[in-house]
Amino acid sequence: MSILKDFLLQMTLMVLPIFIYFTIITERVKSDRNKTILMTVLWGISILLCMSFPLNFGENRLDIRIIPLVFGALYGGFWPGILLSGLVIVYRLNFGISAGFYNTVLVLLLTMPVIFFFQRLFIRSSKDKRVMIAVGLSSYYCLVGLTFLGVIRGFSLDTLKVQIIHLLFVVCVTWFFTMLNETIREIQQLRLELQNAEKLRVISELTSVFAHEIRNPMQVTRGFLQLLDDPEFPETKKQYIKISIEELDRANDIINDFLSLGKPAINNNGKINAAHQLERVINILENYALNNNVRIKTDMTDECWIFANSQKLNQSLINILKNAVEAMPHGGTVWITCSKTADGQIKISVKDEGIGMTKKQIDSLGSPFYSLKEKGTGLGMMVSFQIIHSFHGKIMVNSERSKGTEFIILLPAI
Ligand code: ADP
Ligand code: MG
């Protein structure tokens, strides 16, 4: 009975930080840094309590400190991982310097580098892979501990039995909590996306209302300008009228683009080659790039067939390529590649060596009217994201401040 009580207590010590994180920290704390700091503190408390109230199994004291440690290092990164392992060692000193203490230190020395090695992969992975990595790492920790303990105390059937129970316990609990963590995260993500979609819907409704209102006076002005175009006018005045009409037409185009936003696309998708579309887009923007001292280098294969609408795809590619050029005010190179991945997707990459973005800026990408440019509209990325999503694709962004940015578009191949 007491084992069950200890077991439930250890589980509670893991639930609490996760619960506090998703209910309080994600809602109230805005900066990522502070989130990581608070989470490290919570995992630290959880480690201390796990070690203070272990599961008493005969002679053995078992605990699941490895789970908060692995979570802290995997989600938080290098420093939280180092701090938490330091905490484990310092707190373990309290129980006296015995074989168990050396065992703890040795096991940490052997596991932490492996955990840090997998951390980057973990952050980039999908839910299922994350669960696998976390379970793998905590079992590795237990196995290393088991081996050392065997060497120090000698292998016996009894200790082996206990250690294997510990291993199974840790594996199940890690699996459960990683699943829990990732599922809550997914639900939260979905909620955010829903909020964004709602914002978009409101914007597109409002714009379609006032777009019509602006269009009417524009059409009238355009008509009168045409009437004014007297053949007796001197050339310069004719030129002014011509420019005015052109500018009005441009404004009209912008309104058209705006109206297409948020509207469910009419399903006129077809089989198109992404590489060919990229070539067209590069042709369109070639002069623009040259004027900005930007060279465009390409590496594309011919097997990039996707199911999409070429006009819409071009619109989003133009937005992304234009941003890449604009990110390099002093010129540079944009690399564009298009290839088929091993898992049957078409991967388009647009990489620049421009000003780059901070993590916060990346997160704001695609929000309506988010722009850092003097004359930016902050609509380009929003439209691009929407277009790629409508083709069941996704856009990923890797960026580093003053190093450059890479946009990766993944689309299902046919
Ligand atoms: P706009 O280009 O009109 O500003 P976008 O939606 O196209 O609007 O882009 C939004 C913002 O995202 C830009 O103002 C810029 O700060 C940032 N951004 C987009 N692409 C890049 C890039 N390749 N490098 C650096 N910043 C970028
Ligand atoms: Mg733009």
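Treat the numbers as computed from the prediction; the structure is a model and nothing was measured.

## Details of the overall build of the chain
Part 1 of the reasoning: Check the secondary structure of the chain and you find 12 helices and 9 strands.
Part 2 of the reasoning: In terms of overall dimensions, the chain has a C-alpha envelope of 105 × 40 × 40 Å along the principal axes.
Part 3 of the reasoning: Out of the 414 residues in the chain, the part that is buried amounts to 40%.
Part 4 of the reasoning: Within the chain, contacts between residues separated by at least 24 positions form 72% of all contacts whose residues are at least 6 apart in sequence.
Part 5 of the reasoning: Accessible area for the chain stands at about 23,900 Å²; split by element, carbon and sulfur atoms hold 61% of it.
Part 6 of the reasoning: Of the side chains in the chain, 42 bear a positive and 35 a negative charge, and the two mean positions are spaced by 8 Å.

## Some thoughts on the side chain of Gln119
Part 1 of the reasoning: By the secondary structure assignment, Gln119 is in helix α5 (residues 99-124).
Part 2 of the reasoning: In contact with Gln119, not counting residues within four places along its chain, are Ala73, Leu74, Gly76 and Gly77.

## A few points about the packing of helix α3 (residues 66-76) against helix α4 (residues 78-93)
Part 1 of the reasoning: Close contact between α3 and α4 brings their axes to 6 Å; oriented N to C, the two are set at 160°. Comparing the axis directions of α3 and α4 gives the class roughly antiparallel. Considering how the two elements wind past one another, α3 and α4 form a crossing that is right-handed. Between α3 and α4, the contacting residues are Pro68, Leu69, Gly72, Ala73 and Gly76 on the first element and Phe78, Pro80, Gly81, Leu84 and Ser85 on the second.
Part 2 of the reasoning: The residue inventory of the contact of α3 with α4, partitioned by class, reads 6 nonpolar, 4 polar and no charged.

## A few points about the domain arrangement of the chain
Many descriptions give the size of an interface as the accessible area lost when the pieces come together.
Part 1 of the reasoning: As far as domains go, the chain holds domain 1 (2-194) and domain 2 (269-414).
Part 2 of the reasoning: Here domain 1 and domain 2 have C-alpha centroids that lie 40 Å from each other.

## Brief notes about empty space enclosed by the protein
Part 1 of the reasoning: Counted according to the given criterion, the structure contains 1 cavity of 30 Å³ or more.
Part 2 of the reasoning: One number sums up the size of the largest cavity: a volume of about 60 Å³.
Part 3 of the reasoning: If you go around the largest cavity, the residues you meet are Leu146, Leu149, Gly150, Arg153, Gly154, Phe155, Thr159, Leu160 and Gln163.
Part 4 of the reasoning: For the lining of the largest cavity, the secondary-structure elements that each account for two or more residues are α6 (127-153) and α7 (157-228).
Part 5 of the reasoning: Ranked by residue count, the leading element in the lining of the largest cavity is α6, at 4 residues.
Part 6 of the reasoning: Per-class residue counts for the lining of the largest cavity are 4 nonpolar, 4 polar and 1 charged.

## Topic: the sheet that holds strand β6 (residues 332-340)
Part 1 of the reasoning: Spatial ordering of the open sheet is given by β4-β6-β7-β9-β8, a layout of 5 strands whose pairing is mixed. The outermost strands of the open sheet, each flanked by one partner alone, are β4 (294-300) and β8 (394-400). The mean angle between the axes of side-by-side strands here comes to 15°, regardless of whether they run parallel or antiparallel.
Part 2 of the reasoning: Against the sheet, helix α9 (residues 274-291) contacts β4, β6 and β7 (345-352), and its axis sits at roughly 170° relative to β4.
Part 3 of the reasoning: Against the sheet, helix α10 (residues 310-326) makes contact with β4, β6, β7, β8 and β9 (404-412), and its axis sits at roughly 30° relative to β7, the strand it touches most.

## Some words on the pattern of salt bridges
Part 1 of the reasoning: Applying the stated criterion across every chain yields a total of 12 salt bridges.
Part 2 of the reasoning: Ionic pairing is found between Glu27 and Arg191, a salt bridge with its closest N-O pair at 3.4 Å. Separated by 164 residues along the polypeptide, Glu27 in helix α1 (residues 2-28) and Arg191 in helix α7 bring together distant segments of the chain.
Part 3 of the reasoning: Of the charged contacts in the structure, one is a salt bridge between Lys242 and Glu246, with a shortest N-O distance of 3.6 Å. Within this pair, Lys242 and its partner Glu246 are both found in helix α8 (residues 235-260), separated by 4 residues, close to a single helical turn.
Part 4 of the reasoning: The class of Glu246 is partly exposed, set by a relative accessible area of 43%.
Part 5 of the reasoning: In the salt-bridge network here, residues are joined through shared partners; they are Asp32, Lys359 and Asp363.

## Focus: the site of ligand 1
Part 1 of the reasoning: As a structural note, the neighbourhood of ligand 1 is formed by 19 residues, with Asn323, Ser371, Lys373, Thr377 and Met381 the closest of them.
Part 2 of the reasoning: In the model, an oxygen atom of ligand 1 is placed 3.1 Å from a nitrogen or oxygen of the Gly378 main chain.
Part 3 of the reasoning: Between Gly380 and ligand 1, the recorded distance is 3.4 Å, taken from a backbone N or O atom to an oxygen atom.
Part 4 of the reasoning: Notes on ligand 1: free accessible area 530 Å², of which the protein chains cover 94%.
Part 5 of the reasoning: Judged by its atoms lying within 2 Å of the grid points, ligand 1 is housed in the second largest pocket.
Part 6 of the reasoning: For the shell around ligand 1, the elements supplying multiple residues, two or more each, are α10, α12 (380-390) and β9.
Part 7 of the reasoning: Classifying every residue of the shell around ligand 1 by side-chain character gives 9 nonpolar, 8 polar and 2 charged.

## A look at the packing of aromatic side chains
Part 1 of the reasoning: One pass over the structure, following the stated rule, counts 11 aromatic pairs.
Part 2 of the reasoning: Aromatic side chains Phe71 and Tyr75 sit 5.8 Å apart centroid to centroid with 90° between the ring planes, which places their arrangement in the edge-to-face category. Linking Phe71 with Tyr75, this pair stays in helix α3, spanning 4 residues, or about one helical turn.
Part 3 of the reasoning: Note on Tyr75: relative accessible area 21%, which makes it partly exposed.
Part 4 of the reasoning: Seen in terms of ring centroids, Phe176 and Phe177 are 5.2 Å apart; in terms of plane orientation they differ by 75°. Their pairing is edge-to-face.
Part 5 of the reasoning: For Phe177, a relative accessible area of 0% gives the class buried.
Part 6 of the reasoning: One aromatic cluster is present, formed by Trp43, Phe71, Tyr75 and Phe122 through successive ring pairs.
Part 7 of the reasoning: Taking NZ or CZ as reference, Arg130 lies 5.0 Å from the ring centre of Phe122, over its face.

Basis of the calculations
Residues numbered from 1 in each chain as written. Chains lettered and ligands numbered in written order. Predicted model: local features only at pLDDT ≥ 70, side-chain atom pairs only at ≥ 80, totals over all residues. Heavy atoms only, no water. Helix = DSSP H or I, 4+ residues; strand = E, 2+ residues; numbered from the N terminus. Buried < 20%, exposed > 50% of the residue type's maximum accessible area, 1.4 Å probe, protein only. Contact = heavy atoms within 4.5 Å. Areas by Shrake-Rupley, 256 points an atom, 1.4 Å probe, with all protein chains shown as cover. Lys, Arg positive; Asp, Glu negative; His and termini not counted. Charge placed at Lys NZ, Arg CZ, Asp CG, Glu CD. Axes fitted to C-alpha atoms, helices over the stretch in contact; angles between N-to-C directions. Parallel < 35°, antiparallel > 145°, perpendicular 65-115°, else oblique. Left-handed = near helix turned anticlockwise from the far one by under 90°. Nonpolar A, V, L, I, M, F, W, Y, C, P; charged D, E, K, R; others polar. Domains from an automatic or database assignment. 1 Å grid on protein atoms, 1.4 Å probe; cavity = no way out; pocket = protein on both sides within 12 Å on 5 of 7 lines; lining within 4 Å. Points joined across faces, edges and corners; volume = space filled by probe spheres on them. Pairing = 2+ DSSP bridges. Salt bridge = Lys/Arg side-chain N within 4 Å of Asp/Glu carboxyl O. Near = heavy atom within 4 Å. Polar contact = N/O pair within 3.5 Å; in protein donor to acceptor, adjacent residues only side chain to side chain. Sits in = over half its atoms within 2 Å of the grid points. Phe/Tyr/Trp six-rings, centres within 6.5 Å; stacked < 30°, edge-to-face > 60°. Lys NZ or Arg CZ within 6 Å of the ring centre and 35° of its normal.

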